[in-house]
Amino acid sequence: MSEAATQITLIGTKLATIGMEFIFNAPSPECETCKLRNTCTNLESGRRYRILGIRGELVHDCPIHEAGVRAVEVTESPIIAAIDARKAFAGSKTVLEPPKCDEYECTMYDLCHPVGLKGGDRCTIVDVVGEAPEECEVGNKLKLVELRR
């Protein structure tokens, strides 16, 4: 299977570590007037990314990060999620459909509603990790899978 696409973006120098994962959120108001905003804010809000490499030694001034920002190469991270067991086949394509569930205190809730993915996302099941760690409180039959958008 081919690797996910990579992008170049800017991140705080204290955070610029290969392998570090983060969720990109909407830019801060301070970014509006920054000359680097197009490079810093080129990622999709609400998605999880992993730093694959650091680009050069140049550090840019930043109104948010006190030690400045550096260029890094990132890719969207694969995400572990609980999905309907009948759809859990490695290599298959699926549309993420989080279960209709209001059990917010459930220990499985975050697996069924993974941060970094949104309902309706088209994903590839990279791997079937195994059985869900617990039974679903509302009776869904679930398996853990590694998803890549």
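To be clear, the structure that these remarks concern was listed above.
The rules behind the values
Residues numbered from 1 in each chain as written. Predicted model: local features only at pLDDT ≥ 70, side-chain atom pairs only at ≥ 80, totals over all residues. Heavy atoms only, no water. Pairing = 2+ DSSP bridges. Helix = DSSP H or I, 4+ residues; strand = E, 2+ residues; numbered from the N terminus. Axes fitted to C-alpha atoms, helices over the stretch in contact; angles between N-to-C directions. Salt bridge = Lys/Arg side-chain N within 4 Å of Asp/Glu carboxyl O. Buried < 20%, exposed > 50% of the residue type's maximum accessible area, 1.4 Å probe, protein only.

Further remarks concern the sheet that holds strand β8 (residues 142–148). One open sheet holds the four strands; their spatial order is β5-β8-β7-β6, and the pairing between them is antiparallel. Strands with a single pairing partner mark the edges of an open sheet, and in this sheet they are β5 (79–84) and β6 (93–95). Within this sheet the neighbouring strands show an average axis-to-axis angle of 55°, counted without direction.

What follows covers the pattern of salt bridges. The tally for this structure, following the rule as stated, stands at 12 salt bridges. Across the pair E44 and R149 runs a salt bridge, and its minimum N-O distance is 3.0 Å. Of the two residues, E44 sits in the loop between α1 (37–40) and β3 (47–60) while R149 sits in the segment after β8, which places them 105 residues apart along the sequence. E44 gets classed as partly exposed once you look at its relative accessible area, which sits at 32%. A relative accessible area of 38% places R149 in the partly exposed class. Residues E76 and R149 are paired through a salt bridge, measuring 2.5 Å at the closest nitrogen-oxygen approach. Of the two residues, E76 sits in strand β4 (residues 69–76) while R149 sits in the segment after β8, which places them 73 residues apart along the sequence. Each of E44, R47, E76, K118, D121 and R149 takes part in a single network of salt bridges with overlapping partners.

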